[in-house]
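Listed here are the chains, written in short residue letters.
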Amino acid sequence: MTTTFLLVRHAAHDRIGSFLAGRTGDVPLGSAGREQAQRLAARLAREDIGSIYASPRKRTRETAAAIAAAAAIEEVATAEELDEVDFGTWSGKTFEVLNADPHWRQWNSIRSLVRAPGGETMLDVQRRIMELVAALARGSSERKIVLVSHADVIKALICHVLGLSMDSWPRFDIAPASISAVVVGDWGAKVLTLNEGVS
């Protein structure tokens, strides 16, 4: 028995790429993001989805709600393990400010070692997402489970499955409203697709 995890990055918010949203407040989807979420939902409606789990952030819950409506799933479960990286004091800062911070530059060079100030390391993130996937794979008879999360969280899982260091994170993209698929079985795990976009 295998379980396929469809790893979905939330659709876009209006300030994506300009500031580090992190766990700051509740950043909702923008109008373009809501359209992305509808296209994503239409794409995923073709899959035999058993359940949907989402990060607690508003942008992920809104994306998951669109998928649930299209797939006739009554409930979206919230999973803390899917939450955005705890960026600590960096959360909410613009990238212009962050790029002037030597600690931020170090974080982006050596994510396997550096901790966000007042936050967590990427190895912490990888541990929590892997524990969730392992628990869901053990406890579920469903063949396909959607996990709606954030780029760095999805990258942490993909790096683990591919046997890559967390320092490999810049080598592939996880775009807004993209789908990546990982299959998990008694034999281990493998990546089926990476960063599939929706047109």
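Here, every reference points to the structure presented above.
Just so we're clear, the structure is a prediction, and the values are computed from it rather than from any experiment. (Residues numbered from 1 in each chain as written. Predicted model: local features only at pLDDT ≥ 70, side-chain atom pairs only at ≥ 80, totals over all residues. Heavy atoms only, no water.)

Undergrad: Could you clarify how one ought to interpret the overall build of the protein chain in this entry?
TA: Helix and strand content of the protein chain: six helices and six strands. Helices (α) and strands (β) of the protein chain occur, in sequence order from the N terminus, as β-α-β-α-β-α-α-α-β-α-β-β. The globule rule puts the C-alpha radius of gyration for 199 residues at 16 Å, and the 16 Å found for the protein chain is close to it. C-alpha atoms of the protein chain, sized along the principal axes, occupy 45 × 40 × 25 Å. Here the protein chain holds 199 residues, and the buried ones make up 49% of them. In the protein chain, of all internal contacts separated by at least 6 residues, the share reaching a separation of at least 24 is 71%. Taken as two groups, the 23 positive and 24 negative side-chain charges of the protein chain have centres that lie 3 Å from each other. (Helix = DSSP H or I, 4+ residues; strand = E, 2+ residues; numbered from the N terminus. Rg over C-alpha atoms; globule rule 2.2 N^0.38 Å. Buried < 20%, exposed > 50% of the residue type's maximum accessible area, 1.4 Å probe, protein only. Contact = heavy atoms within 4.5 Å. Lys, Arg positive; Asp, Glu negative; His and termini not counted. Charge placed at Lys NZ, Arg CZ, Asp CG, Glu CD.)

Undergrad: Just to check I follow, could you spell out the pattern of salt bridges for this structure?
TA: If the charged atoms of two oppositely charged side chains come close together, the side chains can form a pair. In this structure the tally under the stated criterion is 12 salt bridges. Between K144 and E47 there is a salt bridge, and its shortest N-O distance comes to 2.4 Å. Highlighted residues: K144 in strand β4 (residues 144-149) and E47 in the loop between α1 (31-44) and β2 (51-54), separated in sequence by 97 residues. A salt bridge links R59 to E84, with the nearest nitrogen and oxygen atoms 3.9 Å apart. One end of the pair, R59, is in helix α2 (residues 58-71); the other, E84, is in the loop between β3 (76-78) and α3 (95-98), with 25 residues separating them in the sequence. Accessibility classification places R59 together with E84 in one group, the buried group. (Salt bridge = Lys/Arg side-chain N within 4 Å of Asp/Glu carboxyl O.)

Undergrad: Looking at this structure, how should I read the nonpolar core?
TA: The nonpolar side chains of a soluble globular protein tend to be buried, and buried together. Within the largest apolar cluster, 34 residues are counted, with the highest numbers of intra-cluster contacts made by F5, L7, W90, W107, I129 and L147. Among the secondary structure elements, those contributing two or more residues to this core are β1 (3-9), α4 (102-109), α5 (122-139), β4, α6 (151-162) and β5 (179-185). Of all the elements, α6 adds the most residues to this core, at eight residues. Those residues in contact with I129 that lie beyond four places of it in its chain are E81, L82, V153, A156 and L157. Core analysis: the second largest hydrophobic core is formed by 21 residues, A64, I67, V148 and I179 among them. (Core = buried A, V, L, I, M, F, W, Y, C linked by side-chain atoms within 4.5 Å.)

Undergrad: Looking at this structure, I do not really get the side chain of R9. What am I missing?
TA: With respect to the helices and strands, the residue R9 is situated in strand β1. Despite its burial, R9 pairs with no opposite charge, the nearest such side chain being E84 at 6.8 Å. A polar contact is formed between the side chain of R9 and the backbone oxygen of I174, at a distance of 2.8 Å. Look past the residues within four positions of R9 in its chain and what remains in contact with it is I16, S149, H150, A151, I154, I174, A175, P176, A177 and S178. (Polar contact = N/O pair within 3.5 Å; in protein donor to acceptor, adjacent residues only side chain to side chain.)

Undergrad: How should the environment of A12 be read in this particular structure?
TA: Among the secondary structure elements, A12 is positioned in the loop between β1 and α1. Residue class for A12 comes out buried when judged on its relative accessible area of 11%. Sequence separation between A12 and P28 is 16 residues, and the spatial gap between their C-alpha atoms is 8.7 Å. Excluding its chain neighbours within four sequence positions, the residues that come into contact with A12 are L29, G30, G33, Q36 and P176.

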